[in-house]
Amino acid sequence: MSTERVATGIPELDAVLRGGLIKGRIHLLEGRPGTGKTTIGMRFLISEASRGQRRLYVSLSESAEELHATAASHDWSLDGVQLFIPDLFSPQQFGEQTIMLPSDAELSRLVSTIAGEIERTGAQLVVIDSMAEIRLLAHNSSHYRRQVISLRERLTRAGATVLMLDDLTSIEHEFELQSAVHGAITLEQRERSYGSVRRVLKVVKLRGGDYQSGWHDFAIQRSEILVFPSLIAEEHQRDYERTVLDSGVPGLDELLGGGLISGTSTMIVGTSGVGKTTLALQYALAAVRQGGRAAYFVLDEAEVTLKSRMLERFGIQPDATSPKDLLISRINPSRISAGAFIWAVRRRVEDDNVRIVIIDSINSYLDLIKEERTLLLQMNELFSYLANMGVIAVVVGAHSHGLDTSREPDALSIITDNVISLSSYNSEGSIKKNICVLKKRHSDHSREVREFILTDDGFAVGAKDTDVAATTAISAGV
């Protein structure tokens, strides 16, 4: 079997397929109506990789005008793609029966007509949309399977790389197509309790070829299709020099036993309003001031709000938006999938070469993936990836009661290398804040509870806090 690949026109899908579709073979793209089959089929035929090849779109469900309108809605053109639309109702072509009263002769003639057109044109890349129309002409699944195998054999001899589309609308849908073709990809739309639907795909089979298994998020935008391959940390490695990122706040570095080490993960936990974001920003700005880049993913507040905090707390000039090497990305949890978010992190690491990645906050990220209930698995894979790439990971997490590692997101503290805890308490009618380090895996650290003081220039870590209320607050927080 040939192992030469044909690009789909979607680079990240080709990555999932380990190079693309197998050349000269028959592939199935299946999914319910609206999952994106026609869009992907069109992209396959109009991509730059398809230029110079004979391309044929066989449509059994839409007119030429509808196909051109669909392409135009994505700012695409079908110029250079030949359209073939068999007349399913023509008695001259398929006898006197109609789709409403199918016969063996009608199905055989339709299959022969499609194969004959592909052979006549010498098409190298073919999309057949949709196999559901052919299925309607079959009396039963065995009859349908025989005709599909007949079509497969003729198209294989013709040397065409074919993408069959199927919308899974058959009441008695089985797996006739999946078993008859060389490769199969399934598309799904998954509703969320709030926000946009989540689109996912998986490669079911690819005879004679390797592929990345499992579900992968994807998105359809106006002029392109984006696939977000699920992260496999062990596939990403790079050599890096082990360095230490000091915060620039002497009291904090002393409390932590030094700075954050490259390739490690840190969780900053505390109640709302205690100063977690301010602390995280300190590390981001410290990386920038030391000549590196920082990626800050904001899930809880507007980007402009985060920038205003920098203006107020860190002495950034009022006419400046933010340091150019502090890369702030606003993430809307209701409009993005977990796969798309992790892909955005990867782009900052691999394209922008950031030194530190900050996620603020993990609570909102948990809302993003709560339908999956896989926070620890996903974050462990992300932390492993960042460690392999030599990047510092910082996640911000809020809790309202004691830190409970049996529940998410507090359970994330188990897999992080460092945990910094902030808390607030009532001391003689005033709110005071303190800070302590619960763990640091790669070096020793202070066990003291110290004052955490917000200042005009950011914050300061004060002396040991011996207030009984402070001890009570820390006990409640850990």
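Up top is the structure these notes are about.
Residues numbered from 1 in each chain as written. Predicted model: local features only at pLDDT ≥ 70, side-chain atom pairs only at ≥ 80, totals over all residues. Heavy atoms only, no water.

Draft legend 1. Just the packing of helix H12 (residues 338–350) against helix H14 (residues 375–388), in detail. Where H12 meets H14, the axes come as close as 12 Å, and the angle between the chain directions of the two elements is 10°. Taken as axis vectors, H12 and H14 run roughly parallel relative to one another. Here Ala338, Ile342, Val345, Arg346, Val349 and Glu350 of H12 come into contact with H14, specifically with Gln378, Leu382, Tyr385 and Leu386. For the contact of H12 with H14, a count of residues per class yields 7 nonpolar, 1 polar and 2 charged. (Axes fitted to C-alpha atoms, helices over the stretch in contact; angles between N-to-C directions. Helix = DSSP H or I, 4+ residues; strand = E, 2+ residues; numbered from the N terminus. Parallel < 35°, antiparallel > 145°, perpendicular 65-115°, else oblique. Contact = heavy atoms within 4.5 Å. Nonpolar A, V, L, I, M, F, W, Y, C, P; charged D, E, K, R; others polar.)

Draft legend 2. Local environment of the packing of aromatic side chains. Evaluated as defined, the whole model comprises 2 aromatic pairs. Arginine 190 extends its terminal NZ or CZ atom over the ring of tryptophan 215, reaching a point 4.6 Å from the ring centre. Positioned above the aromatic ring of tryptophan 343 is the side chain of arginine 347, whose terminal nitrogen or guanidinium carbon lies 4.5 Å from the ring centre. (Phe/Tyr/Trp six-rings, centres within 6.5 Å; stacked < 30°, edge-to-face > 60°. Lys NZ or Arg CZ within 6 Å of the ring centre and 35° of its normal.)

Draft legend 3. Spatial organisation of the nonpolar core. Ranked by size, the top nonpolar core spans 36 residues in total, and within it Phe341, Val349, Val357, Tyr365, Met379, Leu382 and Leu386 carry the most contacts. Elements with a contribution of two residues or more to this core: strand E14 (265–270), strand E15 (294–298), H12, strand E17 (356–360), helix H13 (362–368), H14 and strand E18 (392–398). The leading source of residues in this core is H12, at 7 residues. The residues touching tyrosine 365, leaving out its near neighbours within four places in the chain, are Leu299, Ala338, Phe341, Ile342, Leu375, Gln378 and Met379. In this structure, Leu245, Ile268, Ile356 and Ile435 belong to the second largest nonpolar core, which totals 34 residues. (Core = buried A, V, L, I, M, F, W, Y, C linked by side-chain atoms within 4.5 Å. Buried < 20%, exposed > 50% of the residue type's maximum accessible area, 1.4 Å probe, protein only.)

Draft legend 4. The sheet that holds strand E6 (residues 125–129), seen in detail. Reading across the sheet, the 9 strands line up as E5-E4-E6-E7-E3-E8-E9-E10-E11 and stay open at both edges, with mixed pairing between neighbours. A strand with exactly one partner marks an edge of an open sheet, and here the two such strands are strand E5 (81–84) and strand E11 (225–228). Geometrically, the sheet is characterised by an average inter-axis angle of 20° between neighbouring strands, direction not taken into account. Bridge count between strand E4 (residues 55–59) and E5: 4 bridges; the pairing is parallel. Each bridged residue has a counterpart across the sheet, and for tyrosine 57 the counterpart in E5 is leucine 83. Sheet strands in contact with helix H2 (residues 37–46) are strand E3 (26–30), E4, E5, E6, strand E7 (161–166), strand E8 (183–190), strand E10 (216–220) and E11, and its direction is about 160° off that of E6. (Pairing = 2+ DSSP bridges.)

Draft legend 5. The arrangement of the pairing of E17 in detail. Counting buried positions over the 5 residues of E17 gives 5, a clear majority of the element. Side chains Ile356, Ile358 and Asp360 of E17 all project onto a buried face; the interleaved residues Val357 and Ile359 project onto the opposite face, where all are buried too. Where E15 and E17 come together, 5 bridges link them in parallel fashion. By the bridge assignment, valine 298 is partnered in E17 with aspartate 360.

Draft legend 6. Representation of the pattern of salt bridges. Summed over the entire model, instances satisfying the criterion amount to 22 salt bridges. Between arginine 198 and aspartate 217 there is a salt bridge; the shortest N-O distance is 2.4 Å. Placement of arginine 198 in strand E9 (residues 198–206) and of aspartate 217 in strand E10 is noted, with a sequence separation of 19 residues between them. The pair formed by arginine 198 and aspartate 217 is uniform in burial state, with each residue classed as buried. For aspartate 351, the salt bridge identified is with arginine 347, shortest N-O distance 2.7 Å. Overall, aspartate 351 belongs to the exposed group, its relative accessible area being 52%. Taking relative accessible area as the criterion, arginine 347 reaches 22% and is therefore assigned partly exposed. Here the residues in one salt-bridge network are Arg293, Lys324, Asp325, Arg348 and Asp352, joined through shared partners. (Salt bridge = Lys/Arg side-chain N within 4 Å of Asp/Glu carboxyl O.)

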